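Each chain, written out:
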Amino acid sequence: TRMTRLFLLIILGVVVTYYFPDSRTWLADTTRPLWVPAVKWNTKEEMRQVGRDVINHERNTGRLPNRRDWLDWLDYRYSMDELKSDSWGTTYELRVWADSIGVVSYGPDRTRGTEDDFHVATPRERRRR
C-alpha cells in the first residue's frame, strides 16, 4: 500500500541520513515541500492562540501590549520559550490595526520582508461609546 511505501521511504531517509552525514542537506532540501507546510500550519495555530491571548489582555486591561512592552508581555504570558517564537526560532512580532491585531512570523528564512513571511490576524472587539 501507499502508506507502507511512505513509511519505508521515511525509514530509508533516516538511515541514509544517519550513515551518510553529507546527505542531510540533500534530504532536507528534497523533503522541504513536505515538511514546511506542516510546520507552517503548526506555527499558525500557535499564532492564533497568541492572538486570542492578546485580545483577552486588551479585554481585561483595556489596552494592548505596545511594541516596547511586547517582549516583556510574551515573557510574562508564556513560561516556555517555544511559545514566544515561531518554529524557526524567531520571536513573534505584534502588529496593530484599528479592527484587528496581527501576529507575525518571518518564516523559514527568518528574514523580515521576504516572500515567506506570514501573519495571522485576530479581530478586535469594537468599543461602544
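Everything below is about the structure printed above this text.
Rules and cut-offs
- Residues numbered from 1 in each chain as written.
- Predicted model: local features only at pLDDT ≥ 70, side-chain atom pairs only at ≥ 80, totals over all residues.
- Heavy atoms only, no water.
- Salt bridge = Lys/Arg side-chain N within 4 Å of Asp/Glu carboxyl O.
- Helix = DSSP H or I, 4+ residues; strand = E, 2+ residues; numbered from the N terminus.
- Buried < 20%, exposed > 50% of the residue type's maximum accessible area, 1.4 Å probe, protein only.

### Concerning the pattern of salt bridges
Per the counting criterion, the structure on display carries seven salt bridges. Between Arg59 and Glu125 there is a salt bridge whose closest N-O contact spans 2.7 Å. In this pair, Arg59 is assigned in helix 2 (residues 23-61) and Glu125 in the segment after strand 3 (118-123), connecting sequence segments 66 residues apart. For Arg59, a relative accessible area of 46% translates into the label partly exposed. The salt bridge involving Lys84 is made with Asp75; its shortest N-O contact spans 2.8 Å. The exposure class assigned to Asp75 is partly exposed, which follows from its relative accessible area of 43%. Linked through salt bridges whose partners overlap, the residues forming this network are Glu93, Arg95 and Arg112.

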